[in-house]
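Read off the chains here:
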Amino acid sequence: MKGVKLAVAVGVFALISVFLVSYSFSAETGEPKGKFTYVSPSGAWEFKQIDPHTIVGSSAQEPSRILFDYLLYKDPDGQLVPDLAEKWEISPDGLKTSFYLTKKAKFWDGTPVTAKDVKFSIERCMRPELKFLRGGQLRRTVDRVEVVNDYHVDVHFKQFDPAFIDVVAEYLAIMPKEYTEKVGDDGFAEKPMGSGPFRLVSFRADAEVIAEANTNHHRKVPYIKTVVLKTVKEPATRLAMLKTGEADMIFLFPGHIPEVQKDPGIKLMWTKHAFLRTLIYYDMGFPDEPSPFKDKRVRMAVSYAIDREALSKLLYGAVEPWGSFLAPYHPGYDPSRTPDPYDPKKAKELLAAAGYPNGFDTVFTGHITEPTLWQATVAMLNEVGIRARLDMPEAGTWARYCTEGKFRGIGYGAGPWWAGRGPGSCLEAHVSGFWAPEGHPYPELKESIENLNKAILKGPEEEAKAARAVDDLMLEKWTRRPLLFSNVVFAAGPRVESYQNIPGQYWAFRLEYLKLKQK
Amino acid sequence: MANYILKRLWQALICLIGISVIIFFLSHLSGDPVLLMASPEATQEDIEELRRTLGLDKPLYVQYWVFISGVVQGDFGQSIKWSKPCIDVWLSRFPNTLLLGSAAMAFSLIVGILTGVLSAVKVGGWFDKFGKIFALMGQSLPVFWVGLMLILIFSVNLGWLPTSGHGSWKHLIMPAFTLGWYFTAATTRLSRSAMLDVLDSEYIKMARVKGLPEYLVIMKHAFRNALIPIITLAALNLIMLLNGTVITEVVFNWEGIGRLVVDAIFARDYPLVQCCVLIASMLFIATNLFVDILYAYIDPRIHYH
Amino acid sequence: MISNDNVLEVQDLKTHFYTSRGVVKAVDGVSFALKRGEALGLVGESGCGKSITCFSLIRLVPRPAGRIVGGKVLLEGEDLLTKNEKEMTKIRGKRITMILQDPMMSLNPVFTIGEQITETIRVHQKLGKMEIWEKVKEMLRLVRIPSPEVRMREYPHQMSGGMRQRISGAIALSCQPSVLIADEATTALDVTIQAQFLSLFKEIQEQANLSMIVVTHDFGIVARACDRVAVMYAGKIVENAETRELFNNPAHPYTIALLNSLPKMEMKVDTLYSIEGQPPELHALPPGCSFAPRCSHVMEICQREYPPQKEVAPGHFARCWLKG
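Residues numbered from 1 in each chain as written. Chains lettered and ligands numbered in written order. Predicted model: local features only at pLDDT ≥ 70, side-chain atom pairs only at ≥ 80, totals over all residues. Heavy atoms only, no water.

### Considering the sheet that holds strand S9 (residues 228–233) of chain C
Note on sheets: strands pair through backbone hydrogen bonds, and any given pair is parallel or antiparallel. Residue and element names in this part refer to chain C. With respect to topology, eight strands assemble into an open sheet ordered S6-S7-S8-S3-S9-S10-S12-S11, the strand pairing being mixed. Of all the strands in the sheet, the pair left with one neighbour each is strand S6 (96–99) and strand S11 (310–313). Across the sheet, the mean angle separating the axes of adjacent strands is 25° when strand polarity is ignored. One ladder, built from four bridges, connects strand S3 (residues 39–43) with S9; its direction is parallel. By the bridge assignment for S9, Gly41 is matched with Val229. Sheet contacts for helix H6 (residues 161–173): S6 and strand S7 (179–183); angle to S6, the most-contacted strand, approximately 175°. (Pairing = 2+ DSSP bridges. Helix = DSSP H or I, 4+ residues; strand = E, 2+ residues; numbered from the N terminus. Axes fitted to C-alpha atoms, helices over the stretch in contact; angles between N-to-C directions. Contact = heavy atoms within 4.5 Å.)

### Points about helix H4 (residues 129–142) of chain C
Residues and elements named next belong to chain C. With 14 residues, H4 extends 20 Å from end C-alpha to end C-alpha; this agrees with the ideal 20 Å at 1.5 Å per step. Taken together, the buried positions of H4 are Ile132, Lys135, Val136, Lys137, Met139 and Leu140. Residues of H4 that are buried in the fold lie against helix H3 (113–124), helix H5 (148–152) and H6. (Expected span 1.5 Å × (residues − 1). Buried < 20%, exposed > 50% of the residue type's maximum accessible area, 1.4 Å probe, protein only.)

### Looking at the packing of aromatic side chains
Summed over all chains, the structure comprises 27 aromatic pairs over all chains. Ring centres of Phe293(A) and Phe360(A) lie 5.6 Å apart, and the angle between their planes is 80°; this geometry places the pair in the edge-to-face category. Remark: Phe360(A) occurs in strand S14 (residues 360–365) and Phe293(A) occurs in the loop between strand S12 (267–281) and helix H9 (296–305); sequence separation between them is 67 residues. A residue is classified by how much of its surface remains accessible, and Phe293(A), at 1% relative accessible area, is buried. You can call Phe360(A) buried: its relative accessible area is 7%. For the pair Trp126(B) and Phe127(B), a centre-to-centre distance of 5.8 Å together with 75° between the ring planes defines the contact as edge-to-face. (Phe/Tyr/Trp six-rings, centres within 6.5 Å; stacked < 30°, edge-to-face > 60°.)

### Points about empty space enclosed by the protein
Where empty space is left can be seen by rolling a probe of water-molecule size over the atoms. Enumeration over the complete set of coordinates arrives at 13 cavities of 30 Å³ or more. When its volume is computed, the largest cavity comes out at roughly 150 Å³. Of the residues contributing to the lining of the largest cavity, the split by class is eleven nonpolar, three polar and two charged. (1 Å grid on protein atoms, 1.4 Å probe; cavity = no way out; pocket = protein on both sides within 12 Å on 5 of 7 lines; lining within 4 Å. Points joined across faces, edges and corners; volume = space filled by probe spheres on them. Nonpolar A, V, L, I, M, F, W, Y, C, P; charged D, E, K, R; others polar.)

### Considerations on the confidence of the model for chain B
Of all residues in chain B, 94% have pLDDT values of 70 or greater, and the mean over the chain is 83. Averaged pLDDT values for the elements of chain B fall to 65 in helix H2 (residues 33–37) of chain B and rise to 91 in helix H9 (residues 202–209) of chain B. (pLDDT = per-residue confidence, 0-100.)

So, in structure tokens, the structure goes:
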């Protein structure tokens, strides 16, 4: 009897130790563990289900970024690093970009990711039906995609496209050719297949996406096992979820920052320099109409009238004063370009010198999602005599104003919110195109932007010089003035140990790098 | 009775056609969805092409005809935003709103009628006073504030209930209460005044004179008569509940119709807006008709020719 | 057949209403007796307290404003004012019953009349379903409602006013009460229907030896239906006599004035006689006799003290200083 009891005791002890050892081992070997819940106003696809190429609005990209791989991605310093493409080369004339793919990447069903999948994805992105979406713009510049061998793809261009690499890094998810062709678009929407660090478990449109770690990922096997992305539109509810532990990380409404700062269990995480807000002088787009803003002194007066520091404090640091059209991660960024100072006295002097000693009436078009910011701005303008009336149309009306050219007076520059891109596309976006309705670029400005695009091919130093030149010209003569840079803030609960976000990328994550504290 | 129903159905049809015209033209006046759907780099011709694909370039009356002939066949069009038939989108969300609405309605009816009747029976007493305050609060406190306060107290501070979303019966309690409180107020006030009115009647006096015990006087004679106005209100409330759940749905992240419609309006998703509003109108008319028929059973004085 | 024992004796009944304007003495020391088989008329102007007196008998005074503050109500010897509510519900509708004034509204519109009679019987008597059914039909026949089986399933709004009052009567009689109070029961009926109703109830009363209190402001009804009549003014009974005696020898100036204001067929007048002045505000009664301000025979003592009850002839009582 005694012997049996001893044997049992030893057996149990052995079992327990084996269990403990293997448990600690698994923690060390990095097997994915734990569940992480992230809540944002749009953590799940709002629009067309899962097809990553048809997404409109960068917010809906959040799930795509974890389910699919891209040719390149950005590291925490905002620099391009390899993902599916181990190496890439741009030809000296800019008309060809070559991607050399890693051999290690596999889709969730085990089939390898090869050049034909890349060609398929790029061409799919460029489908005629998607002409009006971002990928579709590639049609204008891309001539053809060539599979050189299983792991080498060349993209041939009709003209150099400085934005191409950014589109690739941010937007061009790689989808499996055979699988997608077999199940069709609708079948793919029901049951997608990617090669990303997480694999899809389930989703409910505009509500929730649940994904699990992909243990075969070529670049990084995630630390966390299950990810839940939830959509909750009401900011106060999101905060409540964070406090009760229902959410581990949320997209925070800046107004809640003081509340969060009081709570020791919650930390703030900033993504800096997501998009640049500018002052726009719309009247300059109408050369035949007289306007006070045609005089540079008036334009400077507007800028001096605004206390950027105060606005920054008003939003608890969610915006910071800025004085250049470039961001710190752009080559050519010059920190000595400080923001215009707050000098209401000078503003009044300039107005008087320009012939408006008693000020004048005008309209300020702000964005409806930030009434506090624009109300404060308009109040500051009124202080110096620029009697601006605040107009905040909602999204649909704003879009209509754009096409009908209804903007007048002063406005808030709406972007670009793809500021994480290279200087070429960023600067150009302030100058012309859909979001710059007042844009009639001066010939010298057009020329200097073309120089910049050419300089990108010549290397980072040339690029920096050319970018600085454009920045100078715009600061001197353009219809806009830099105002504030927006920083995006997330709030994370006590379970989150570390997280890497990418400067300039408003929504994108690298959840495979997110670590939870082990209990 | 059958004649009456037929006549009402015919009227309902005319009503719905009128509504469909109004909705259609109103939503198209509000703005252009194409711009919201295009990416910022789209050129003008790209936008025009998108417009053509969606059929939005045709004259309004043609678009209306396409819409209405579809509806007759059960096809409410394709949602621009969801790329799915509108009816599918609606069906996927409606059960949630129905659940929330029914729970809120049940809560408001039970609490409202009980409170109102008891207040009327003990008019001027402490219960009456309490009932009045409860009702007043329900009607004046903003719904979103109530919702957020409940979350703060019961989820964040006490940790008894989940903050939002759905899944278990626990998820239903706070949203149902938030949504129902407003209607509880209305129901309480109506029950109370209906009861008071009835309690003043001669037949109630008669019932007492006959020697009926007080509980019979109240529950059988008084309540049965007070029920008539209460039921009308309840039916109208149900439709208002089902359609007016937006704020509660946003605060509690409830995947229902209210939020769906508002998002659709902001996104200028005409087909979805039209579908939702048209269906809501149908439900409203159907409920009205149902209540009128129910009347004939509850109130013998009403006779339909 | 009027026997000599009193089925109902009311002694010094007082019912007051407490309002914001003061205390309204609606019933201020009312005393009368009702013999078995007798029909007593209770007449007076609107607001003199006739209805409240009747409701006080069965303790259905509107609360919380109204309260019975004194007196005795002896029903076959038992004082109803000492009973609790549970006991009272057993008495109402069974031993004392009432028919109310408004035929339109005194029946519940959502229940069939069969149900409304049935429930009265059910509450007071333990009878089987079939027995109740038969009883209901019997009652309907008693009040001369044709085709009772059909009518039982109908609703009040499907009947005429006269029929509805007869149904109220059926309800009142269904449990063989000792006292039936008719509170202005015929006021809302057409004159011809009134006559029918009265003769019917006279017949029933004689057959069942039923005691009745007939509340009315119409002396014609008193003449036809009542053996005895009590005249009320401002919460008190000012005169009480057999009907014939009252008509022939009215003692109280108010009664005389009332009888004089009845238009007579033979008279040809330019203006009808009416009593000068207004009935008094019941919360601010003058000291002394309440009728003094309007009395053409008023004396100094009338304004000081309320006259006590005096027997001015055998069985004929009045409260007036004129009579000593």
